[in-house]
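# Chain and residue survey
Here are the chains, one letter per residue:
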Amino acid sequence: VSLGAGLAEMSVAGPKNFLERVAAITPPFTVVPRVHSLALRLARVAQGTIDAAIAGGSSHDWDLAAADLLVHEAGGALTPFSGEALIYNRAVPRHGMLVAAGRGRHAALLEILNDPRLAPPPAA
């Protein structure tokens, strides 16, 4: 994973609309062109060619398990926005939104991603 704890000038891959909302409340960062494969996006975090990746909220265990191992072995973290470890093999193997990054940057991202300004608007 890439080193560093700051959010300024990091490179991030993820859902465009969500990243636009994040950009409004963080230091400037670079949005990486869409990487359609979630596993590849996470592998690039492990490799250090992307500083952080956001998963949009409909991934399954089989989309994540191998890439999760790569990120962790490279010194990073892949978690829900709550920061808790992923739990595999549940009755429903689907996961909500996730974030992957090196450990220092991951902690800083969790603070931003839990900002109330990023909460979805209430349903009408």
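A short tour of the structure in this document, coming up. (Residues numbered from 1 in each chain as written. Predicted model: local features only at pLDDT ≥ 70, side-chain atom pairs only at ≥ 80, totals over all residues. Heavy atoms only, no water.)

## Thoughts on helix α2 (residues 38-47)
Each turn of an α-helix holds 3.6 residues, which means side chains three or four residues apart point in the same direction. Keep this limit in mind: When accessible area is computed with a 1.4 Å probe and restricted to protein chains, residues below 20% of their type maximum are described as buried, those above 50% as exposed, and intermediate ones as partly exposed. Secondary structure elements follow DSSP: runs of H or I no shorter than four residues count as helices, runs of E no shorter than two count as strands, and numbering proceeds from the N terminus. An arc is given here, and it is the one of the directions from the helix axis to the C-beta atoms. Only heavy atoms enter the contact rule, under which two residues are in contact if any of them lie within 4.5 Å.
By the burial criterion, the buried members of α2 are Leu38, Arg41, Leu42, Val45 and Ala46. When α2 is viewed along its axis, its buried side chains cluster within an angular range of 145° and face the same direction. Where the residues of α2 are buried, they touch β1 (11-13), β3 (52-55), β4 (59-60), α3 (61-73), β5 (76-80) and β7 (98-102). Once α2 ends, the next one or two residues include Gly48, with phi positive near 95°.

## Description of the environment of Leu69
Along the chain, Leu69 falls in helix α3. Owing to a relative accessible area of 52%, Leu69 belongs among the exposed residues under this scheme. Counting along the chain gives 23 residues from Leu69 to Ala46, while the straight-line C-alpha distance between them is 9.2 Å.

## Focus: the packing of α2 against α3
Quick note on the threshold: Axis definition: a line fitted to C-alpha atoms, limited for helices to the stretch in contact. Angles are taken between N-to-C directions and run from 0 to 180 degrees. Here is the rule for angles: anything less than 35 degrees is roughly parallel, anything more than 145 is roughly antiparallel, 65 through 115 is roughly perpendicular, and the remaining ranges are oblique. Under this grouping Gly is polar, as are all residues other than the nonpolar Ala, Val, Leu, Ile, Met, Phe, Trp, Tyr, Cys and Pro and the charged Asp, Glu, Lys and Arg.
Two numbers describe how α2 lies on α3: the axes approach to 8 Å, and their chain directions differ by 5°. Our classification of the angle between α2 and α3 gives roughly parallel. Residues Leu38, Ala39, Leu42, Ala43 and Ala46 of α2 lie in contact with α3, whose contacting residues are Asp63, Leu64, Ala67, Leu70 and Val71. Here the residues of the contact of α2 with α3 are counted per class, giving 9 nonpolar, no polar and 1 charged.

## Things to note about the pairing of β5
Operational definition: Here the rule is simple: two strands pair whenever DSSP picks up at least two bridges between them.
Counted residue by residue, β5 has 4 buried out of 5 residues, so it is predominantly covered. Direction of pairing for β5 relative to β7: antiparallel, over a ladder of 5 bridges. Paired with Thr79 across the bridge in β7 is Val99.

## Some thoughts on the nonpolar core
What counts, and what does not: Here, nonpolar core refers to any group of buried Ala, Val, Leu, Ile, Met, Phe, Trp, Tyr and Cys residues whose side-chain atoms link them within 4.5 Å.
Of all hydrophobic cores here, the largest spans 19 residues; its most connected members are Ile54, Leu109 and Leu113. Put simply, the parts of the chain that give this core at least two residues each are α1 (16-23), β3, β7 and α4 (103-113). When residues in this core are grouped by element, the largest group, 5 residues, is from α4. Beyond its immediate chain neighbours, meaning those up to four positions away, Leu113 contacts Phe18, Val22, Ile54, Phe81, Val99 and Leu118. The next biggest cluster of nonpolar side chains, apart from the first, holds 17 residues, and it includes Val45, Leu64, Val71 and Leu98.

## Some points on the side chain of Ser2
Rule in force here: Throughout this description, a polar contact denotes any pair of N or O atoms lying within 3.5 Å of each other; where both atoms belong to protein, one of them has to be capable of donating a hydrogen while the other can accept it, and for residues adjacent in sequence the pair is counted only when both atoms sit in side chains.
Its place among the elements puts Ser2 in the segment before β1. Among the residues examined, Ser2 registers a relative accessible area of 13% and is labelled buried. At a separation of 2.6 Å, a polar atom in the side chain of Ser2 contacts the side chain of Asp51. Leave out the neighbours within four places in its chain, and Ser2 touches Val45, Gly48, Asp51, Gly102 and Arg105.

## Considering the pattern of salt bridges
Let me state the cut-off plainly: Any carboxyl oxygen of Asp or Glu within 4 Å of a side-chain nitrogen of Lys or Arg constitutes a salt bridge here.
Overall, the coordinates contain 3 salt bridges when judged by the stated rule. For Lys16, the salt bridge is made with Glu20, and the minimal N-O distance between the two is 4.0 Å. Within this pair, Lys16 and its partner Glu20 are both found in helix α1, separated by 4 residues, close to a single helical turn. Taking relative accessible area as the criterion, Glu20 reaches 45% and is therefore assigned partly exposed. Of the charged contacts, one joins Asp51 and Arg105 as a salt bridge, the two residues approaching to 3.6 Å between their closest N and O atoms. Residue Asp51 is found in the loop between α2 and β3, and its partner Arg105 is found in helix α4; the two are separated by 54 residues along the sequence. Residues Asp51 and Arg105 agree in their burial class; the two are buried.

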